Structure formats: structure tokens, C-alpha cells
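Commentary on secondary and tertiary structure
Each chain, letter by letter, is given below.
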Amino acid sequence: MNYKRNILITGGAGFIGSHVVRLFVNKYPEYRIVNLDKLTYAGNLANLTDIVNAPNYVFVRADICDFETVCGIFRTYGIDGVIHLAAESHVDRSIKDPFTFARTNVMGTLSLLQAAKVYWESLPERYGGKRFYHISTDEVYGALELTRPDGVRSDISAHMVYGDEFFRETTRYSPHSPYSASKASSDHFVRAFHDTYGMPSIVTNCSNNYGPYQFPEKLIPLFINNIRHNRPLPVYGRGENVRDWLYVEDHARAIDLIFHEGKVADTYNIGGFNEWKNIDLIKVIVKTTDRLLGHPEGYSDSLITFVTDRAGHDLRYAIDATKLHRELGWSPSLQFEEGIEKTVRWYLDNQAWVDNITSGEYEKYYEEMYGGRRG
Ligand code: NAD
Ligand code: TYD
């Protein structure tokens, strides 16, 4: 079959990537979707069981740092669009092991850019009709002040905001963690490839995502699982840090829209207009999980445990996503209360998915399938 487009999605076996792959495979049968993933600890093909047999879906297990292999994938599948999500994504891991983050996030992105450049420049139409879309984070902007510690309603948000400043597309990069430093570096490489070679690139910076299939080391799935097992809920510092939460399917919808209609060389911030202090969010998770488990209210409150703060813990993230709304008409579709209810329910209904990861069982499956250890 001749496909209208051949799109390479990297990191498609991870949390956000699996939602993007699912959306594209189902919505665009006329596109071939090639999912390139190394299957590190964070990659899990069980995230994609519902689309694995779709005729327009191909999975390739590879490392984005392996330049020759990536070049081969561009040629074999005639790739004309890239949505790049593969990355090391957990801040706490980046504090312990920054090298892996520099390798995958910086060198891996460079390897992908160079492979796209070599392949697209070899074609008669060169960059015509091509897209290199890089998915990044709001963490590259650094941290905002908590000038409204008790929260106020603001013009840009229906929800509470905890400061007077917001991250805008024009905000200067100021990353603090090894994770955000590596993402900032990769963003700069993507823009440099546009400015130097004419690579038709787009970068988006999104706030914290939540929803199904998130690896249970991240706050929300970790805490739901710990409540289920009656284990302590480790709150870093005093739980005063603020994050802006977006339901993962709303992010995937934004990615679809921007891939098709975003302006080349431009940047868009994506966020939920949904700021929460960690401790307030945690109380909502505890309350919702207790209710859905049939526990009396307050049953798991005593699991909340304040622990040593994360090193260099950014105080507040808050995205102003007005540009994306104004130019492309996007806004989040789910109210947070609805999103968190759906999310807690999903983790409780899919305990086997979580247990398979926490028991390490999923690692054995990959060893049997692919031989040897995973990266
Ligand atoms: P994730 O950790 O759940 O998934 C990452 C995926 O990348 C995994 O499937 C993993 O196997 C794959 N991968 C890692 N190293 C690789 C390599 N060298 N070669 C090929 N594949 C490799 O991450 P996520 O939370 O889904 O994040 C996806 C992207 O979105 C990342 O670029 C992240 O920086 C960005 N982002 C995440 C959030 C968030 O809240 N999770 C917010 C904004 C932006
Ligand atoms: P996380 O899900 O790791 O996302 P990020 O660090 O990229 O924002 O953490 C979200 C917030 O929750 C962050 O402020 C750190 C905090 N946190 C805890 O308090 N305890 C935990 O066990 C974890 C994983 C995170």
C-alpha cells in the first residue's frame, strides 16, 4: 500500500508516546506510523496492545543514538515526518545518573536530526513537505516564584494560580536539573538545525502530563499504587512546590494539531491552566483513591510522609498556553476533577499493568523476546 505519509514517532512505547501512536494509528489509516523505541525500563509494549496489529503500524526496536540504524529507518520507510518523544524523562534519575540523560536526550536528538538531514537532503524535493517536530518540556524555563502562596484566581486561568509570572514562548531558558538541562540542549540543537540547514522544525514545551500508562515512578501513578498497598506517600520537602497538570490525551491532541498546522520554526507552549500545590494534589489523589477503593474518608491520610526535598527542586511551573489557543484554537478538553477521577479509576482497573512493572515481570518478557538486558 502507498501511504500518504510515513511518520516516525520516537519513544512510542513510553507514556505520552503511546497515546500519540494510538491517536495517529487510529485517526490516520492513510499514514504509516513507525514507532522507534529502544525499550528502556520506561518503554512497555503492553501500552499498545490494542493497536499492535493495525496494518498501518510498524514497531522498530532501536536506539536513537545509533546513527547508522536511524539512517536505515529513514530510507527503508521513506520517512517524511518525525515526532520525537524518545527521552530519559525522570528528574530524580537524572540527579543520580546525568550521563544517560546527556546521551539519549542530547546526542540521541542530534543523531535523529542528522539522519533526517542526510535523508531529506538526498531527495529531489529536499525539505519540501517535511516536518521535524520535537517534544519538549516547560522545565527548560527553570522555576517561577511563588509570589501568591495562598493562590488567587487570575485572568488567564479558571483555576488558582500561585504567582504573577508564567512561562511564555519568549521566556529565557534557565534549566536547573540535569534532565531539564539535557532537554534545553536538545531544543537548541533542533533550532540550530533550522537556522543552519533549513530543517523544517517545530518545538513545543509542555507542562506535567498525567493519565493512563505513566510509569509508576512519577508522582500520580506512584501514589495511587502506594495507597493501594498501604505504603507511605513520600512528599518531597513541605509539598509546597507547584506544578501545572495536563491530561495526556489533551497533549496528544495538541501534538496532532501542531504537527499538521503549526508554523515551521515556531514554538508553542502547551499547558492545562491547572496549577496545583503538590500537597493539595496529593490530598485529592488520596481522597479519590480511598473512595474508589471503598475505604472510609481519611483512611489513607496517615500515609502522607514528608521526606527530604529533591536537590534543586524547582518551586513552580506554570504555562501560559494562550498562543496555542489564539493561533490554532487548542484548549484542554478535560476538567482536572474529571481527569483525575478517570486516571485513578484506570490505575485501579489495570492493576495487572502496574504489578507487571513493579514486580519486574515485564523485564523478563523483553529478555525472552529480544534476548539480553535492556538499556
Ligand atoms: P517516558 O519515560 O514514559 O518514555 C520515554 C520512551 O523513550 C520510552 O518508551 C523509552 O523506551 C524511549 N527511549 C528512551 N531512550 C531511548 C533511546 N535512546 N532510543 C530510543 N528510545 C528511547 O517519557 P514520557 O513521559 O512519555 O515523555 C515523552 C517525551 O515528552 C519526553 O521527550 C519528555 O521530555 C517530554 N515531556 C514529558 C512530560 C511529562 O509530564 N511526562 C511533559 C512535557 C514533555
Ligand atoms: P514528577 O512526577 O517526578 O514530575 P516533575 O519532577 O517532572 O515535575 O514530580 C511531580 C512533583 O511531585 C515534583 O514537584 C516532585 C514531587 N514528588 C514528590 O513529592 N514525591 C515523589 O515521590 C515524586 C516522584 C515526586
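Now for a description of the structure that goes with this document. (Residues numbered from 1 in each chain as written. Chains lettered and ligands numbered in written order. Predicted model: local features only at pLDDT ≥ 70, side-chain atom pairs only at ≥ 80, totals over all residues. Heavy atoms only, no water.)

Within the protein chain one finds 12 helices and 14 strands. In summary, the protein chain has a C-alpha radius of gyration of 20 Å against a globular reference of 21 Å for 375 residues, a match within 12%. Along the first, second and third principal axes, the C-alpha set of the protein chain runs to 65 × 50 × 35 Å. Here the contacts in the protein chain between residues at least 6 apart in sequence split such that 82% fall between residues at least 24 apart. (Helix = DSSP H or I, 4+ residues; strand = E, 2+ residues; numbered from the N terminus. Rg over C-alpha atoms; globule rule 2.2 N^0.38 Å. Contact = heavy atoms within 4.5 Å.)

In this section: helix H11 (residues 351–358). When H11 is considered as a whole, its buried residues turn out to be Trp-353, Val-354 and Ile-357. Around the axis of H11, the buried residues are gathered within 95 degrees of arc, so they sit on the same side. Directly after H11, the chain includes Gly-360, whose backbone phi takes a positive value near 85 degrees. (Buried < 20%, exposed > 50% of the residue type's maximum accessible area, 1.4 Å probe, protein only. Arc of directions from axis to C-beta.)

The nonpolar side chains of a soluble globular protein tend to be buried, and buried together. Counting residues in hydrophobic clusters, the biggest one holds 46 residues, and the most contacted among them are Ile-9, Phe-24, Ile-83, Tyr-133, Ile-258 and Ile-270. Per element, the largest residue contribution to this core is 7 residues, and it comes from helix H7 (residues 248–261). (Core = buried A, V, L, I, M, F, W, Y, C linked by side-chain atoms within 4.5 Å.)

Let us now look at the sheet that holds strand E13 (residues 275–277). Read across the sheet, 3 strands follow the order E9-E11-E13 without closing on themselves; strand pairing throughout is mixed. Across the chains shown, the open sheet's two edge strands, defined by having one partner strand only, are strand E9 (208–210) and E13. Across this sheet, the average inter-strand angle for adjacent strands is 50 degrees, counted without regard to direction. Where strand E11 (residues 242–247) lies against E13, 3 bridges are found, and the strand directions are antiparallel. Opposite Asp-244, over in E13, you have Glu-275 as the bridge partner. (Pairing = 2+ DSSP bridges. Axes fitted to C-alpha atoms, helices over the stretch in contact; angles between N-to-C directions.)

On to the sheet that holds strand E1 (residues 5–10). Pairing is parallel in the open sheet, where 7 strands are placed in the order E3-E2-E1-E4-E5-E8-E12. The strands lining the two open edges of the sheet, one partner per strand, are strand E3 (57–61) and strand E12 (267–270). Put simply, the sheet's adjacent strands are angled 20 degrees from each other on average, direction ignored. Both strand E8 (residues 201–206) and E12 contribute to a ladder of 4 bridges, which runs parallel. By the bridge assignment for E12, Cys-206 is matched with Ile-270. The sheet strands contacting helix H5 (residues 178–197) are strand E5 (131–137), E8 and E12, and the helix crosses E5 at an angle near 155 degrees. Running over the sheet, H7 touches E1, strand E2 (31–37), strand E4 (81–84), E5, E8 and E12 and is turned about 145 degrees from E5.

Below, the discussion takes up the site of ligand 2. Around ligand 2 sit 16 residues in total, of which Glu-139, Pro-234, Arg-243, Arg-310 and His-313 are the nearest. Within the side chain of Glu-139, a nitrogen or oxygen atom sits 2.6 Å from an oxygen atom of ligand 2. The contact in question runs from an oxygen atom of ligand 2 to an N or O atom on the side chain of His-313, over 2.7 Å. Summarising the interface, the protein chains cover 96% of the accessible area of ligand 2, which totals 510 Å² for the free molecule. Of the residues belonging to the shell around ligand 2, the class tally is 7 nonpolar, 4 polar and 5 charged. (Near = heavy atom within 4 Å. Polar contact = N/O pair within 3.5 Å; in protein donor to acceptor, adjacent residues only side chain to side chain. Areas by Shrake-Rupley, 256 points an atom, 1.4 Å probe, with all protein chains shown as cover. Nonpolar A, V, L, I, M, F, W, Y, C, P; charged D, E, K, R; others polar.)

It is possible for side chains bearing opposite charge to pair when their charged atoms get close. Inspection of the entire model under this criterion finds 22 salt bridges. Salt-bridge contacts for Lys-27 lead to Asp-256; the nearest nitrogen and oxygen are separated by 2.5 Å. Of this pair, Lys-27 sits in helix H1 (residues 15–27) while Asp-256 sits in helix H7, placing them 229 residues apart in sequence. Put simply, Lys-287 and Glu-297 hold a salt bridge, and the shortest N to O gap is 3.8 Å. One end of the pair, Lys-287, is in helix H8 (residues 278–293); the other, Glu-297, is in the loop between H8 and strand E14 (304–307), with 10 residues separating them in the sequence. Of the two residues, Lys-287 and Glu-297, both sit in the exposed class. Put simply, Lys-38, Asp-63 and Arg-103 are held in one network by salt bridges that share partners. (Salt bridge = Lys/Arg side-chain N within 4 Å of Asp/Glu carboxyl O.)

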